Amino acid sequence: MQADQTQNRTAPTKVLFDTDPGVDDAMALLFLQHHPAIDLIGVTTVHGNAHIDVTTRNALYLCERFGIEVPVARGARHPLLQYKAEPPTFVHGDDGLGNVGLSFEPTRQADDRPAYRLIIDTLRQHPGEVTLVAVGPLTNLALAVKEDPEIAQLVREVVIMGGAFGVNGQGGNVTPVAEANIIGDPHAADIVCTAPWPVTLVGLDVTHQVLMSNDLFGQLRDRGGSHGQFMWDISRFYVDFYSSREQIPGCYVHDSSAVAYVIDPTLFEVRRGPVRVVDSGIAIGQTVQQPDDRSYAPGPWDGYPSQNVCVAVDAPRLLQLFMDTFVPTAAAAR
Ligand code: BDR
Ligand code: CA
């Protein structure tokens, strides 16, 4: 008898997306919306690439424009403790989406609940089923797990774009040691990385290996329909930043790499061990893992759960996964 394909198919992974859109955040949102392995069930916003008013407006705009019918909850305005730096308008534009003159008039309203409450409610509603994908500063996640520590047992997985672990000499992108999302709220990041839930960090060690070239952006523009054209448009400012600062013909794939991990973790090699975040001094925002396969003197990692840190990536396959989601017969890795 022929097998029932529908019975054998794995159910899509429920994802709650915590984001600070953000050019690459917008691309990651569309990736989540379009990939069949994902069931996007909510969006929470956070300060980061722009002020919270701007990132929330952008999330509402993106969801309305692209028909993403999920609750959008406004999140934290500031980091938990530290002084908030000015948003990096030189990376994502004054409007957070590349300064292309979008007419922002979303009619949709944000959910009544603050982001941390939507996170708690969603995890309680679907115990064991929801993956949190966080691609901005981790303030909302820290507030949620502080408010309701039991959610650590209810989440399926926490996947974070953030950190720089020194793999092959990889440093930070804000300071020599700190990555933007982590230094955006280092105290929150330490709470999230040390909570008893399964965390995977997709940091610069891998995202700097994944280059979205201008050729790939051109394929998106020419053959990726309205979504591809949109990604081309909003990415011009971002690509200019990367081209001039890093001398690369395109940009790194940061936030969409975290989405790719959820879709296909075999794209990455991970290292296990507890992770701590430096929260003061010149190394503030540095992420440091103590690998499980090394022994050290007693230290600040003791007693905390082992987490996954991505240390290698199959970049051609990741790019192909992204491109295949938007462009039939895309030529990313071929
Ligand atoms: C991270 O910082 C932001 O600029 C991007 O959206 C990404 O989440 C990369 O360091
Ligand atoms: Ca982001």
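Just so you know, these numbers come straight off a predicted model, no measurement behind them.

Contacts to ligand 1 come from Asp24, Asp25, Asn49, His92, Val135, Met161, Asn173, Glu179, Ala180, Asn181, His254 and Asp255. One nitrogen or oxygen atom from the side chain of aspartate 25 is found 3.0 Å from an oxygen atom belonging to ligand 1. Measuring from an oxygen atom of ligand 1, one finds a side-chain N or O atom of asparagine 181 at 3.0 Å. For ligand 1, whose unbound accessible area comes to 280 Å², protein coverage reaches 96%.

Surrounding the calcium ion (ligand 2) are the protein donor atoms Asp20 (OD), Asp25 (OD), Asp25 (OD), Val135 (O) and Asp255 (OD), at 2.3 to 2.7 Å. Site description for the calcium ion (ligand 2): donor spacing in sequence, D-x4-D-x109-V-x119-D. With aspartate 25 in helix H2 (residues 23-34) and valine 135 in the loop between strand S4 (130-134) and helix H6 (139-147), this residue pair connects regions lying 110 residues apart in the sequence. Each member of the pair, aspartate 25 as well as valine 135, carries the same accessibility label: buried.

A ring pair, where both rings are aromatic, is described by two values, the distance of the centres and the angle of the planes. Enumeration according to the criterion identifies 9 aromatic pairs in this entry. Between phenylalanine 66 and phenylalanine 230 the ring centres are 5.0 Å apart and the planes differ by 65°, which places this aromatic pair in the edge-to-face class. Of this pair, phenylalanine 66 sits in the loop between helix H3 (52-65) and strand S3 (72-73) while phenylalanine 230 sits in helix H12 (residues 225-246), and the two are 164 residues apart along the sequence. Take phenylalanine 66 and phenylalanine 230: they sit in the same class, and that class is buried. Ring centres of tyrosine 261 and phenylalanine 268 lie 5.6 Å apart, and the angle between their planes is 55°; on these two criteria the pair is classed as tilted.

So, about helix H13 (residues 255-263). Since there are 3.6 residues in each turn of an α-helix, residues three or four apart along the chain are aligned in direction. Taking burial as the measure, the 9 residues of H13 include 9 buried ones, the bulk of the element. Residues Asp255, Ser256, Ser257, Ala258, Val259, Ala260, Tyr261, Val262 and Ile263 constitute the buried set of H13.

The next point concerns unusual backbone geometry. For residues besides glycine, phi is generally negative; the peptide bonds are generally trans as well. Put simply, proline 21 and glycine 22 share a cis peptide bond, and its omega is -10°. Assignment of secondary structure puts glycine 22 in the loop between strand S1 (13-19) and H2. Of note in the backbone geometry, asparagine 99 takes a positive phi value of approximately 55° without being a glycine. Note that asparagine 99 resides in the loop between helix H4 (89-92) and helix H5 (115-125). Residue asparagine 99 is classed as partly exposed on the basis of its relative accessible area, which comes to 36%. In this structure, glutamine 247 is a non-glycine residue whose phi angle is positive, near 55°.

Where helix H11 (residues 214-223) meets helix H14 (residues 315-326), the axes come as close as 10 Å, and the angle between the chain directions of the two elements is 15°. Classified by the interaxial angle, the pair formed by H11 and H14 is roughly parallel. Handedness of the crossing formed by H11 with H14: right-handed. For the pair H11 and H14, contact is made by Leu216, Gln219, Leu220 and Arg223 and by Leu319, Phe322, Met323 and Phe326, respectively.

Glancing now at the nonpolar core. Core analysis: the largest hydrophobic core is formed by 70 residues, its most contacted members being Met212, Phe268 and Phe322. Ranked by size, the runner-up nonpolar core spans 36 residues in total, among them Val158, Ala188, Cys193 and Ala195.

This prediction gives the protein chain a mean pLDDT of 94; 96% of its residues lie at or above 70. Long-range and interchain partners of residues 1-8, a stretch whose pLDDT sits below 50, account for 1 contact in this model, where long-range means more than four residues apart.

Rules of the game
Residues numbered from 1 in each chain as written. Chains lettered and ligands numbered in written order. Predicted model: local features only at pLDDT ≥ 70, side-chain atom pairs only at ≥ 80, totals over all residues. Heavy atoms only, no water. Near = heavy atom within 4 Å. Polar contact = N/O pair within 3.5 Å; in protein donor to acceptor, adjacent residues only side chain to side chain. Areas by Shrake-Rupley, 256 points an atom, 1.4 Å probe, with all protein chains shown as cover. Donors = N, O, S within 2.8 Å, 3.2 Å for Na, K, Ca; no water. Helix = DSSP H or I, 4+ residues; strand = E, 2+ residues; numbered from the N terminus. Buried < 20%, exposed > 50% of the residue type's maximum accessible area, 1.4 Å probe, protein only. Phe/Tyr/Trp six-rings, centres within 6.5 Å; stacked < 30°, edge-to-face > 60°. Axes fitted to C-alpha atoms, helices over the stretch in contact; angles between N-to-C directions. Parallel < 35°, antiparallel > 145°, perpendicular 65-115°, else oblique. Left-handed = near helix turned anticlockwise from the far one by under 90°. Contact = heavy atoms within 4.5 Å. Core = buried A, V, L, I, M, F, W, Y, C linked by side-chain atoms within 4.5 Å. pLDDT = per-residue confidence, 0-100.

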